[in-house]
Amino acid sequence: MVTYAGEAVASPTPRRHGRPTLIFIGLVVTLLASILVSLCAGRFSVPVDRALAILWQGLLHPGATPTTIDERIVLLVRAPRVLLAAMAGAGLAVAGTGLQGVFRNPLVSPDILGISQGAAFGGALAIILGIWGLPLIGMVFLLGLAALVGVGFLSRINGRTETVTVILAGLVVGSMFTALVSLLQFIADPNSSLPAIVFWLMGSFSTATWERVLIATPGLLLGTALLWGLRFRLNLLALEETEARSLGVRTEPERWLVFLVVAVIVGSQVAVSGIIGWIGIVIPHAARLLVGHDHRTLLPAAVVLGAAFMVIIDTLARSATSAEIPLGVITALVGAPVFALLLRRYYRERKEQ
Amino acid sequence: MIGLNGATVRFGSRVVLETLSFSVPVGRSLAILGPNGRGKTTALCAMLGFQRLDAGSRLAPPIVGYVPQTGSSNQRLKAVDVAVMGCAARLGLFGQPGPADIDAARAALQRAGALRFADAFFDRLSGGERQLVLLARALATGSPALVLDEPGAALDLANQQRLLALLDELRRAQDKAIVFTTHDPNHALAAADDALLLMPDGPALCGPVTEVVTPPHLERLYSVPMRLVELQGMSGTPHRAVLPAFAGARAA
Amino acid sequence: MVVQWMKTASVLASVGTALLALSGGALAQQIDITDHEGRPVHLDAPAQRIVTIPMPMASGVIALDGGTSKLVGMNPLSLTAIREGILGRIFPAAANITDSVTGTDFMPNVEALAAANPDLVIQWGGRGNDIVDPITNAGLNALLIKYGTEELTRQYMTMVATAIGKPERIGPLVEWRDKVEKEIEAKTAGLAAADRPSVLYLGNALSSITASGDKGNYNAFYINMVGARSASAGLSGSAAINKEQIAEWNPDIILLNAFEPQLDVNWVYDDPILSLTKAAQNHRVYKMPLGGYRWDPPNQESPLGWMWLADLVHPELFNFDLRGEMKTAYQTLYNYQLTDADIDGILWMDKQGTATGYDRFKAK
């Protein structure tokens with residue numbers, strides 16, 4: 001037995017839950033506060049006490065049909081919108097976290113696999129064909145999955161898939177679907193479907209309804225729950241291939257399981273609110289700064305932070321001016337500088353190592 | 001029990017391993033010696049199942065405790081969280097390590113002499129400390145086989161000493177089949193029962209360290225004149241060491 | 001008539017040459033026009049083969065010519081409008097005109113353009129040279145027009161009428177536009193702000209909802225003209241808005257565009273928020289009619305749209321005989337006798353016949 005000074009002393013009680021617990025309390029409080037503020041804020045002026053009373057009544061009698069305009073605005077417009085924003089933000093953040101772990105690269109995000117682009121093509125095609133509502137959402141989801149299958153097909157060489165080929169195949173498939181979307185925009189009616197496609201691609205929660213919440217919920221919840229279940233496995237998948245395999249991880253099928261889960265999350269999100277960039281890359285990093293890299297604490301932090309961030313951004317988008325500010329504009333304005341900083345730090349750290 | 005049985009690996013027309021056979025039972029420790037590019041890493045990968053064999057088969061338990069040279073993780077995890085990954089195979093896809101697994105990880109850290117930095121971040125540790133944590137992770141798998149890729153190769157002398165002492169201690173416990181690769185025959189002398197010499201000009205030599213790690217064999221292995229010297233160890237016990245007799249300014 | 005025409009032509013100084021050429025008689029009818037980009041456009045003879053790349057001008061050329069013989073190519077979406085609308089029934093031959101001369105992004109297809117062998121190509125001005133150069137580089141004659149205001153509309157319609165050698169067709173049309181505009185403004189000019197109901201025109205509704213500010217917005221022009229005000233006047237340009245914002249504006253009247261085929265007034269009445277607006281509560285939600293062209297943007301039928309809206313906004317001030325006016329206009333524009341069923345279709349009688357103020361549009 002090789003011993004060092006102090007080694008024999010019983011291990012000190014680890015304070016592993018001290019700081020993270022405080023951070024989690026802070027994050028949850030932020031999320032709840034942002035949801036509450038968001039429900040009270042908007043273009044139609046509803047006094048805060050009235051909004052809270054409406055909410056309380058809505059919670060007490062969930063089946064009741066709201067009749068007055070302020071009730072309907074709070075319960076039928078804002079509530080589903082806030083909920084959808086929170087779920088989409090959480091889903092994108094958790095999907096980004098999972099992908100960054102699996103790719104061992106902090107700079108990837110859900111659109112790296114071409115899922116978002118495939119989903120976008122599905123939506124644009126539906127708009128061109130004049131398909132709205134549930135069938136549109138079905139097409140979005142289907143083509144998001146099709147993109148993933150395409151990536152899988154392309155990247156599988158000699159029965160094996162390498163991370164690099166997956167990224168490259170994602171790039172190829174993503175570019176192809178982006179080109180197809182451009183083609184659709186080219187042939188779209190500039191008076192009707194073109195602005196619809198452009199707006200839809202920008203991403204927005206302005207079309208949120210309880211119906212859409214119900215449509216997005218299963219995929220987002222299931223996907224997030226699956227990733228939560230995989231939280232320890234993600235730590236292992238973040239290891240080098242040989243290390244992970246030596247620890248009993250079947251890296252390839254397990255990686256694909258994560259991709260599939262990400263496709264379910266991103267497809268569900270794009271189907272109801274279009275492509276929303278940056279969340280999937282910025283939030284995981286912010287969460288990592290707060291709670292560290294262990295997916296067991298990182299995933300829940302990303303969920304709460306993503307939800308709060310999305311709710312705040314969307315509240316700004318819908319209530320700052322008479323016009324809806326496109327979400328992508330705000331997320332890019334916030335996200336791009338953060339990404340630039342991360343990029344510099346990432347390469348500086350790599351140089352130092 | 002871990003080993004290879006008639007394993008052949010070719011890269012294109014180049015034969016890297018040719019019908020290589022050896023096996024290490026639980027309680028024995030094997031050092032694989034060879035100059036760079038002679039197939040040490042290939043043999044190691046073949047044992048672990050990461051290298052497709054053109055012929056022959058591998059002999060290994062389902063999980064092998066594997067200690068890479070440097071941990072690849074760029075994730076900021078605590079040493080104990082790295083060590084607990086050794087429990088992964090038992091936990092399955094959706095399993096989470098519980099208190100018992102964390103205790104096992106801490107026990108492994110203790111055995112590897114790494115418990116004092118159990119709660120430090122892995123990526124902030126020195127190279128030597130990291131290797132101890134990775135060894136603890138391999139121990140935490142509970143596997144009867146332990147495979148180490150050039151342990152100590154990237155470490156300074158003090159850390160090499162520390163690691164070799166640890167390896168020797170694991171060998172003496174006789175509860176694992178241990179295989180490690182190295183380019184330094186002294187590592188074999190310090191911590192192995194048997195040695196496998198991947199000769200450049202013929203079939204591999206395998207046998208007890210005392211019989212195989214001899215100057216004539218090593219000269220063929222490395223193409224460098226070698227000398228065996230007897231030394232007085234720190235505790236007074238005799239030690240053996242091999243030295244390359246390099247030509248040069250002060251060469252005798 | 002000539003006086004009217006001259007008034008409009010005052011902005012087109014060089015059109016006088018065309019008149020001289022006309023009176024000269026012996027000379028070939030040379031035509032010179034200055035287009036909206038200030039470019040001189042010369043024709044040795046009245047244009048016989050015209051391609052229109054801007055969408056509304058296809059029906060404009062048909063109306064100015066009184067037939068389809070001079071139109072040899074158009075925007076794909078002009079063609080679908082013709083095929084789906086009443087123009088296709090009035091002029092079945094129009095459905096066979098090629099639409100391969102341009103993409104819907106107004107980028108000319110030079111090969112198809114050359115094959116159509118036009119002596120004049122109408123293209124948008126003010127949108128950069130990329131969509132113009134292919135035409136001029138192919139040695140074709142381009143006439144650039146700008147879109148937006150009533151004045152520009154009258155000017156470019158005059159240019160096209162001049163180019164096809166039928167200046168006599170534009171006079172009555174401009175005169176009619178001027179007369180209806182003055183007649184409406186005479187009654188609405190003195191209206192106090194409180195007497196001007198707020199009207200919200202939605203350029204898009206089904207995916208995103210868009211509305212526009214007043215600047216450079218033709219819809220706002222006629223909303224103000226008929227004695228109303230635009231609810232979305234505060235916006236700058238066209239912008240996406242949400243239902244909450246519509247509830248906050250709470251407009252007296254909602255106008256839905258005629259561009260989205262699946263859009264009708266039930267979109268408002270079935271919506272939990274929009275159905276509580278004053279417009280919906282008072283059944284004052286109307287989809288813009290679709291005649292020879294959609295009545296939302298400026299076109300040859302614009303005065304009909306103004307009368308329709310004036311009747312709906314201020315029924316106490318206006319009582320146009322819309323059905324009679326439509327029959328007269330279609331006779332003049334297309335030499336076509338509108339049936340009552342045609343009119344019901346144009347005005348969406350089946351969908352919004354029960355809306356407030358719509359009973360006066362019913363066939364007697």
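Thresholds applied
- Residues numbered from 1 in each chain as written.
- Chains lettered and ligands numbered in written order.
- Predicted model: local features only at pLDDT ≥ 70, side-chain atom pairs only at ≥ 80, totals over all residues.
- Heavy atoms only, no water.
- Helix = DSSP H or I, 4+ residues; strand = E, 2+ residues; numbered from the N terminus.
- Rg over C-alpha atoms; globule rule 2.2 N^0.38 Å.
- Buried < 20%, exposed > 50% of the residue type's maximum accessible area, 1.4 Å probe, protein only.
- Domains from an automatic or database assignment.
- Buried area = accessible area lost by both parts, 1.4 Å probe.
- Salt bridge = Lys/Arg side-chain N within 4 Å of Asp/Glu carboxyl O.
- Polar contact = N/O pair within 3.5 Å; in protein donor to acceptor, adjacent residues only side chain to side chain.
- Nonpolar A, V, L, I, M, F, W, Y, C, P; charged D, E, K, R; others polar.
- Pairing = 2+ DSSP bridges.
- Axes fitted to C-alpha atoms, helices over the stretch in contact; angles between N-to-C directions.
- Contact = heavy atoms within 4.5 Å.
- pLDDT = per-residue confidence, 0-100.
- Patch = residues over 30% accessible without salt bridge, like charges linked within 9 Å, V, L, I, M, F, W, Y side chains within 5 Å.
- Areas by Shrake-Rupley, 256 points an atom, 1.4 Å probe, with all protein chains shown as cover.
- Core = buried A, V, L, I, M, F, W, Y, C linked by side-chain atoms within 4.5 Å.
- Expected span 1.5 Å × (residues − 1).

K.L.:
Break down the overall build of chain A for me, with residues and values.
P.N.:
Looking only at helices and strands, chain A has 14 helices and 2 strands in total. The C-alpha radius of gyration of chain A comes to 22 Å, within 12% of the 20 Å expected for a compact globule of 353 residues. Along the first, second and third principal axes, the C-alpha atoms of chain A reach 75 × 50 × 35 Å. Out of the 353 residues belonging to chain A, those deemed buried represent 53%.

K.L.:
Describe unusual backbone geometry, with residues and values.
P.N.:
Here Trp278(A), not a glycine, exhibits a phi torsion of approximately 80°, which is positive. Within the secondary structure, Trp278(A) sits in the loop between α11 (251-273) and α12 (279-291). Phi is positive for Glu150(B), close to 45°, though the residue is something other than glycine. The buried category is assigned to Glu150(B), whose relative accessible area is 10%.

K.L.:
Tell me what's going on with the domain arrangement of chain B, and back it up with residues and numbers.
P.N.:
All names here are of chain B. Domain boundaries assigned for chain B yield domain 1 (1-64 + 143-214) and domain 2 (75-139). Computed over C-alpha atoms only, the centres of domain 1 and domain 2 are separated by 24 Å. Summed over both partners, the interface of domain 1 with domain 2 buries about 1000 Å², with 66% contributed by carbon and sulfur atoms. Among the residues domain 1 hides against domain 2, the three largest losses belong to Leu146, Leu166 and Leu170. Together they make up 36% of the total. Here domain 1 and domain 2 share 1 salt bridge between them. Aspartate 175 is the salt-bridge partner of arginine 111, the closest N and O atoms lying 3.4 Å from each other. The interface formed by domain 1 and domain 2 holds 2 residue pairs in polar contact (both at pLDDT 80 or more) in total. Secondary-structure elements contributing two or more residues to the side of domain 1 that touches domain 2 are β6 (145-148) and α6 (157-173). The element best represented in the side of domain 1 that touches domain 2 is α6, accounting for 6 residues. A breakdown of the residues in the side of domain 1 that touches domain 2 according to their chemical character gives 9 nonpolar, 2 polar and 4 charged.

K.L.:
Could you give an account of the sheet that holds strand β6 (residues 142-145) of chain C, naming the residues involved and the relevant values?
P.N.:
In any sheet, the strands associate via hydrogen bonds between backbone groups, in a parallel or an antiparallel arrangement. Residue and element names in this part refer to chain C. Spatial strand order, β4-β3-β5-β6: 4 strands in an open sheet with parallel pairing. Unpaired on one side and paired on the other, β4 (71-74) and β6 mark the two borders of the sheet. Mean inter-strand twist for the sheet, computed between neighbouring axes without regard to direction, equals 20°. In the sheet, strand β3 (residues 50-52) pairs with strand β5 (residues 120-124) via 3 bridges, with the strands oriented parallel. Along β5, the bridge assignment pairs isoleucine 50 with leucine 120.

K.L.:
Could you give an account of helix α1 (residues 40-48) of chain B, with specific residues and numbers?
P.N.:
Across the 9 residues of α1(B), 8 count as buried, placing the element largely inside the fold. Among the residues of α1(B), Lys40(B), Thr42(B), Ala43(B), Leu44(B), Cys45(B), Ala46(B), Met47(B) and Leu48(B) are the ones counted as buried.

K.L.:
So what's going on with the interface of chain B and chain A? Which residues, and what values?
P.N.:
Listed as interface residues are 44 residues of chain B and, on the opposing side, 32 residues of chain A. Together chain B and chain A conceal approximately 3500 Å² of surface at their shared face, both sides included; 57% is due to carbon and sulfur atoms. The largest per-residue losses of area from chain B upon contact with chain A belong to Phe50(B), Gln75(B) and Leu93(B), which jointly make up 17% of the total buried on that side. The tally of links between chain B and chain A comes to 2 salt bridges. The salt bridge partner of Glu243(A) is Arg137(B), with a shortest N-O separation of 2.6 Å. Applying the counting criterion to the chain B and chain A interface returns 6 residue pairs in polar contact (both at pLDDT 80 or more). Breaking the side of chain B that touches chain A down by element, the ones donating at least two residues are α2 (79-83), α3 (88-91), α4 (99-111), α5 (127-140) and α6 of chain B.

K.L.:
Describe the domain arrangement of chain A, listing the residues and the values that go with them.
P.N.:
How big an interface is tends to be stated in terms of accessible area lost as the parts join. Residue and element names in this part refer to chain A. Each assigned domain of chain A is listed here: domain 1 (108-275) and domain 2 (276-341). Computed from C-alpha atoms alone, the centre-to-centre distance between domain 1 and domain 2 is 18 Å. With 19 residues of domain 1 in contact, the opposing surface of domain 2 contributes 17 residues. Put simply, domain 1 and domain 2 have 0 salt bridges between them. Applying the counting criterion to the domain 1 and domain 2 interface returns 3 residue pairs in polar contact (both at pLDDT 80 or more). With 4 residues, the single largest contributor to the side of domain 1 that touches domain 2 is helix α9 (residues 231-237). The class makeup of the residues in the side of domain 1 that touches domain 2 is 9 nonpolar, 9 polar and 1 charged.

K.L.:
Please give an account of the pattern of salt bridges that cites residues and values.
P.N.:
Here the structure, examined in full by the defined rule, presents 39 salt bridges over all chains. The closest approach of N and O atoms between Glu244(C) and Arg78(A), which form a salt bridge, is 2.5 Å. With one member in each of two chains, Glu244(C) in helix α11 (residues 243-249) and Arg78(A) in helix α3 (residues 69-102) form a pair that bridges those chains. Taken individually, Glu244(C) and Arg78(A) each receive the classification buried, so the pair is uniform in this respect.

K.L.:
Talk me through the confidence of the model for chain A; I want residue IDs and the actual numbers.
P.N.:
Scored by pLDDT, chain A has a mean of 84; 90% of the residues are at 70 or more. Across residues 1-17 of chain A the pLDDT falls below 50, and counting only partners more than four positions away or on other chains, this stretch makes 25 contacts in the model.

K.L.:
Which residues make up a nonpolar patch on the surface, and what values do they have?
P.N.:
Taken together, the side chains of Leu22(A), Ile25(A) and Val29(A) define a hydrophobic patch exposed on the protein surface, amounting to about 310 Å² of accessible area. Inspection of the secondary structure assignment puts Val29(A) in helix α1 (residues 18-40).

K.L.:
Lay out the interface of chain A and chain C with the relevant residues and their values.
P.N.:
Listed by partner, the interface residues are 31 residues for chain A and 27 residues for chain C. Interface area for chain A against chain C, summed over the two sides, is near 2500 Å², with a carbon-plus-sulfur share of 60%. Joining chain A to chain C, the criterion identifies 2 salt bridges. Of the charged contacts in the structure, one is a salt bridge between Arg318(A) and Glu244(C), with a shortest N-O distance of 3.7 Å. Counting across the chain A and chain C interface gives 9 residue pairs in polar contact (both at pLDDT 80 or more). Where the side of chain A that touches chain C is concerned, the elements lending two or more residues are α3, α6 (163-187) and α7 (193-202) of chain A. A class-by-class count of the residues in the side of chain A that touches chain C yields 15 nonpolar, 9 polar and 7 charged.

K.L.:
Can you break down the nonpolar core residue by residue, with the values?
P.N.:
Counting 160 residues, the largest nonpolar core has Leu113(A), Leu109(B), Val133(B) and Leu135(B) as the members making the most contacts within it. For this core, the leading source of residues is α3(A), giving 18 residues. Residues in contact with Leu135(B), not counting those within four places in the same chain, are Val67(B), Ala112(B), Leu146(B), Leu148(B), Leu166(B) and Leu170(B). Counting residues in each nonpolar core, the second largest holds 99 residues, with Ala47(C), Val51(C), Val72(C) and Leu87(C) among its members.

K.L.:
Residues and numbers for helix α13 (residues 295-319) of chain A, please.
P.N.:
Along its 25 residues, α13(A) runs 35 Å from first to last C-alpha, staying within 8% of the 36 Å computed at 1.5 Å per residue. Burial runs high along α13(A): 18 of the 25 residues are buried.

K.L.:
Account for the sheet that holds strand β1 (residues 2-11) of chain B, with residues named and values stated.
P.N.:
All names here are of chain B. The strand order across the open sheet built from 3 strands is β2-β1-β4, with neighbouring strands paired in antiparallel fashion. At either margin of the open sheet sits one strand with a lone partner, and together these are β2 (14-24) and β4 (55-59). In this sheet, neighbouring strand axes are inclined to one another by 20° on average, regardless of whether the strands run parallel or antiparallel. Strand direction decides the pairing type here: β1 and β4, joined by 4 bridges, are antiparallel. By the bridge assignment, asparagine 5 is partnered in β4 with serine 57. Each of β1, β2 and β4 is contacted by α1, which is oriented at about 120° to β1, the strand it contacts most.

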